[in-house]
Amino acid sequence: MVKLEEYNILVIDENPDRAAIVERGLVESGYARVARIGTSHNLVERIQALAPDIIIIDLENPDRDTLEQMFQVSRAIARPIAMFVDQSDASMIQEAVSAGVSAYVVDGLRQDRIRPIVEMAISRFNVFDQLRRERDEAQAKLNERKLIERAKGILMKEKGLSEEDSYALLRKNAMKQNRKIYEIAQSVITAFQLEF
């Protein structure tokens, strides 16, 4: 587990007084590496260049354009993100959740609340990141299985093989070529497509 002092935390805030509250809360909680930037243009590129581990966004009275820019940050950069706002509505909350904001706090910017909110953002991010990885892995396996099924169908139709023999042929070639079965299946599909 990463120690608190090893996290690089980026605070995005235009208001120096509010940013100071966040920064003090972070430093007093043991987070030693804290940087701050404003909400100017090229925000995503600037954040990527800084490569923070955690992002805290503080928006006193955000307008729709600023919120949309922050949601773009959240979608583009897979990091725990805690967002503090003074005002919100149901649609803003839904947009924040959809964009991947890990903690969305309305009217709750207090120095003593910073650490638990950051810890919650990290925990929620890790849970959702694990779910995302599992989903991506399952989707990849499903796509591989579809390729294999399609290749088996081609072999059955074009070579007159049974389903079992088609799979055995794919498996045999995969072992012989030291490749995965789905890679051989893709080759079969590609070769078939080239014939026509």
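Model, not experiment: these values are computed from the prediction.

Here is what the cut-offs are and how they apply
- Residues numbered from 1 in each chain as written.
- Predicted model: local features only at pLDDT ≥ 70, side-chain atom pairs only at ≥ 80, totals over all residues.
- Heavy atoms only, no water.
- Pairing = 2+ DSSP bridges.
- Helix = DSSP H or I, 4+ residues; strand = E, 2+ residues; numbered from the N terminus.
- Axes fitted to C-alpha atoms, helices over the stretch in contact; angles between N-to-C directions.
- Contact = heavy atoms within 4.5 Å.
- Domains from an automatic or database assignment.
- Parallel < 35°, antiparallel > 145°, perpendicular 65-115°, else oblique.
- Nonpolar A, V, L, I, M, F, W, Y, C, P; charged D, E, K, R; others polar.
- UniProt positions renumbered as here; feature names shortened; annotations may be inferred.
- Buried < 20%, exposed > 50% of the residue type's maximum accessible area, 1.4 Å probe, protein only.
- Salt bridge = Lys/Arg side-chain N within 4 Å of Asp/Glu carboxyl O.
- Core = buried A, V, L, I, M, F, W, Y, C linked by side-chain atoms within 4.5 Å.

The parallel open sheet is built from five strands, whose spatial order is β2-β1-β3-β4-β5. The sheet is open, and its two edges are formed by β2 (33–37) and β5 (103–106), each paired on a single side. Neighbour to neighbour, the strand axes of the sheet diverge by 15° on average, direction disregarded. As paired strands, strand β4 (residues 81–85) and β5 are joined by four bridges and run parallel to one another. Counterpart to Val-85 in the pairing with β5 is Val-106. Against the sheet, helix α3 (residues 64–76) makes contact with β1 (8–12), β3 (54–59) and β4, and its axis sits at roughly 175° relative to β3, the strand it touches most.

As a further point, take the domain arrangement of the protein chain. Here the domain parsing of the protein chain yields domain 1 (4–134) and domain 2 (136–193). The straight-line distance from the C-alpha centre of domain 1 to that of domain 2 is 45 Å.

What follows is about the packing of α3 against helix α4 (residues 90–99). Where α3 contacts α4, the two axes come as close as 8 Å, and the packing angle between them is 20°. Comparing their axes, α4 and α3 come out roughly parallel. Taking contact as the criterion, the partners of Arg-64, Leu-67, Glu-68, Phe-71, Ser-74 and Arg-75 in α3 are, on α4, Ser-91, Met-92, Glu-95, Ala-96 and Ala-99. Looking at side-chain class alone, the contact of α3 with α4 contains five nonpolar, two polar and four charged residues.

On to the UniProt feature "modified residue: 4-aspartylphosphate" (unreviewed entry) in the protein chain, then. When the UniProt feature table is mapped onto this chain, "modified residue: 4-aspartylphosphate" (unreviewed entry) is found at Asp-58. Tracing the sequence through the fold places Asp-58 in strand β3. Discounting chain neighbours no more than four positions away, the residues touching Asp-58 are Ile-12, Asp-13, Arg-18, Phe-84 and Leu-109.

Of note, Gln-87 is situated in the loop between β4 and α4. A relative accessible area of 48% means that Gln-87 is categorised as partly exposed. Taking the C-alpha atoms as reference, Gln-87 lies 18 Å from Ile-114; in sequence the two are 27 residues apart.

All told, the structure shown has eleven salt bridges when counted by the stated rule. A salt bridge links Arg-179 to Glu-183; the shortest N-O distance between them is 3.8 Å. Accessibility expressed as a relative area gives 34% for Arg-179, which makes it partly exposed. Among the residues examined, Glu-183 registers a relative accessible area of 29% and is labelled partly exposed.

So, on to the nonpolar core. Ranked by size, the top nonpolar core spans 22 residues in total, and within it Ile-12, Ile-47, Ile-55, Ile-57 and Met-83 carry the most contacts. Counting only elements with at least two residues in this core, the list comes to β1, α2 (43–50), β3, α3, β4 and α4. In terms of residues, this core owes the most to one element, α3, which gives four residues. In contact with Met-83, other than residues within four places in its own chain, are Ile-57, Leu-67, Met-70, Phe-71, Val-101, Ala-103, Tyr-104 and Val-105.

Along the chain, Lys-152 falls in helix α5 (residues 114–159). Owing to a relative accessible area of 5%, Lys-152 belongs among the buried residues under this scheme. Dropping the residues within four chain positions of it, Lys-152 is found in contact with Arg-145, Glu-163, Ser-166, Tyr-167 and Leu-170.

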